[in-house]
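Chain by chain, the residues:
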Amino acid sequence: MTLYQWFVFFLIIQVIHFLGTWKLYEAAGKKKWQAAIPVYNSIVLMKIIGRPTWWTLLLFIPIINLIMLPVIWIETLRSFGKRSSVDTFLGIATFGFYIYYISYTQKLIHRTDRSLISETKTGDTISSLLFAIIVATIVHTYFIQPYTIPTSSLEKSLLVGDFLFVSKVNYGARVPMTTVALPMVHDTIPLLKRKSYLKWPQLPYFRLPAMEKIKNCDIVVFNWPLDTVYFFRDPSGRHIDKPIDKKSNYVKRCVGIHGDSLQIKDGIVYINGKILALPERAKPQYSYRITLDGKTPINFEYLFKDMDITDGINYVSEQKDTVGIAALTFENAERMKNVPGIISVTRCVEHGTEYGSGVFPHINKWNRDNYGPIYIPQAGKSIAINLTTLPFYSRIITEYEGNKVEIKGSDIYINEIKTKSYTFKQDYYWMMGDNRHNSEDSRYWGYVPADHIVGKPVFIWMSWDTNGKGIDKIRWNRLFTTVGGDGQPQSYFRWFLLALVGYFIGEHFWKKRKEKNIKV
């Protein structure tokens, strides 16, 4: 929906509110016109139902307002003596329109002395649960979100089974575009495997002020631009168009930012003509071909464990004199060269275009190891548009920035206007995995728009190794470690335990002191 459409929609809601409540306002000693003034009518309504004014703010926060509206309907009914279970059911089942019936058919008596404390244990439990859901949803949506690493594309920096906290405030929290959705659920309802949202109405893209900008080499969580899968990976091949903020969450390293020129030479990333300087914690990995002498026995299982290699042998030649290893760092490749029985260790690099049709922009020109150069678009910058450059930017122009493109002969028309240039409306990024030959990233599907950015991983609170046994399933050295920063990760788990013990000891003595004061 456009801003104009939202404005009209908002006015319609205000008219509906006025027609259904102006009699209630008068019965509560207020003026009829107070029910017609947007926002102010909500502030007055809070006074009528005896609730704090700041509740008004919750009515205008997407997703939160879906929880608050039924609460307001029930509170309004109870403020005028309608406290039965039937009244509560009708208030919710009719989406608040039961208030119309009460307003126009019943004698309205405003209960100024009603108790705001739940009279039953069930009511008190429901109130506490709603409050907890509201607080958790605000934190999840605008501050920090839990996330699990499902793939090995950032192996060494982030491991499969890492449980992260992703900060929304670092890059600016994105206000939900999908306004009707279940709180704290992404695109699918757990167990039921049904959509957790409605596609309409949609808010325009808006992001709160950021603490920092995305920089080269930052690890970023974003919505996968090409995600149209049904139930993530439906074997039937069915597809569905998803709203931006309901597309699958991906995590990769941002190797190129808007305005950069990116090129890959023999698997090495170059930014603006210079080799990308990766942080110490980043460990790029590549596929290697290892030639054996065929005589000396090699305990690869021990080697992999000693070198902390998770992706092991992925093929063995028929002569059994060559093995392929899916992911080796440069350091581990050098160590392999010194292992008795290994003749050579060669990094696998693609030079031809045999698999070029699979990489973006699918012009069968490059491959995953030798790619580019390619320009990463920047908001406000213009580029020449012709039949050669169009494949790089056609999806941006149409899907991400909402234009219509037509080709007539050798001419290109955007929104039915013949053009030779295009100015970008937003910034774009280039995301890649450190596990270079085992990562589905921008090399295959292109640019990531700014409106798809979710947040920055900042903390690993749990790490679970499915291959471990017993207590070793927990990677203890990764608990409570930071994702970014200089040097090797340091665990703050012991400090967390000390703080936890200190909290319980302090609470124990505080309770003792309180009991002593009561007795005195």
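Here, the structure is the one placed above.
Residues numbered from 1 in each chain as written. Predicted model: local features only at pLDDT ≥ 70, side-chain atom pairs only at ≥ 80, totals over all residues. Heavy atoms only, no water.

### A word on the nonpolar core
Note the threshold: Definition used in this section: a nonpolar core is a set of buried Ala, Val, Leu, Ile, Met, Phe, Trp, Tyr and Cys residues joined via side-chain atoms within 4.5 Å. Only protein chains enter the accessibility calculation, which uses a 1.4 Å probe; a residue whose area is less than 20% of its type maximum is buried, one above 50% is exposed, and one in between is partly exposed. Helix and strand assignments come from DSSP, with helices taken as H or I runs of at least 4 residues and strands as E runs of at least 2, each series counted from the N terminus. The criterion used for residue contact is that any of the two residues' heavy atoms lie within 4.5 Å.
Counting residues in hydrophobic clusters, the biggest one holds 30 residues, and the most contacted among them are Met-68 and Ile-72. Among the secondary structure elements, those contributing two or more residues to this core are helix H1 (3-27), helix H2 (40-49), helix H3 (55-58), helix H4 (64-79), helix H6 (98-105) and helix H7 (121-142). In terms of residue count, the dominant contributor to this core is H4 (7 residues). Excluding its chain neighbours within four sequence positions, the residues that come into contact with Ile-72 are Leu-45, Met-46, Ile-49, Trp-55 and Leu-59. In this structure, Phe-360, Ile-385, Phe-392 and Ile-414 belong to the second largest nonpolar core, which totals 29 residues.

### Quick notes on the pattern of salt bridges
Convention followed: A side-chain nitrogen of Lys or Arg and a carboxyl oxygen of Asp or Glu constitute a salt bridge if their distance falls within 4 Å.
Within the structure shown, the criterion is met by 16 salt bridges. Notably, a salt bridge pairs Asp-434 with Arg-253, separated by 2.8 Å at the nearest N-O pair. Of this pair, Asp-434 sits in the loop between strand E22 (428-432) and helix H11 (442-445) while Arg-253 sits in strand E8 (residues 249-256); the two residues are 181 residues apart in sequence, bridging distant segments of the chain. A single burial state applies to Asp-434 and to Arg-253, both of which are buried. Across the pair Asp-411 and Lys-418 runs a salt bridge, and its minimum N-O distance is 3.6 Å. A relative accessible area of 25% means that Asp-411 is categorised as partly exposed. Classification of Lys-418 by relative accessible area gives partly exposed; the value is 46%. Because the salt bridges share partners, they merge into one network encompassing Asp-162, Asp-465, Arg-475 and Arg-478.

### Regarding a nonpolar patch on the surface
Which entries qualify depends on this criterion: Each patch is built from residues lacking any salt bridge and having more than 30% relative accessible area; the joining distance is 9 Å for like charges and 5 Å for nonpolar side chains (Val, Leu, Ile, Met, Phe, Trp, Tyr). Areas reported as accessible are Shrake-Rupley estimates using a 1.4 Å probe. Residue values count occlusion only from the protein chains shown.
A contiguous nonpolar patch, built from Tyr-4, Phe-7, Val-8, Leu-11, Ile-12, Ile-13, Ile-16, Phe-95 and Phe-97 and spanning about 890 Å² of accessible area, is present on the exposed surface. Within the secondary structure, Val-8 sits in helix H1.

### Observations regarding H4
Put simply, the rule reads: Expected helix span is taken as 1.5 Å per residue step, with the number of steps being one fewer than the number of residues.
The first and last C-alpha atoms of H4 sit 22 Å apart over 16 residues, in line with the 22 Å expected at 1.5 Å per residue. Counting buried residues along H4, 12 of its 16 residues qualify, which places the element largely inside the surrounding structure. Listed in full, the buried residues belonging to H4 are Ile-64, Asn-65, Ile-67, Met-68, Val-71, Ile-72, Trp-73, Ile-74, Glu-75, Thr-76, Leu-77 and Ser-79. Trailing H4 by a residue or two, Gly-81 shows a phi angle of about 85 degrees, which is positive.

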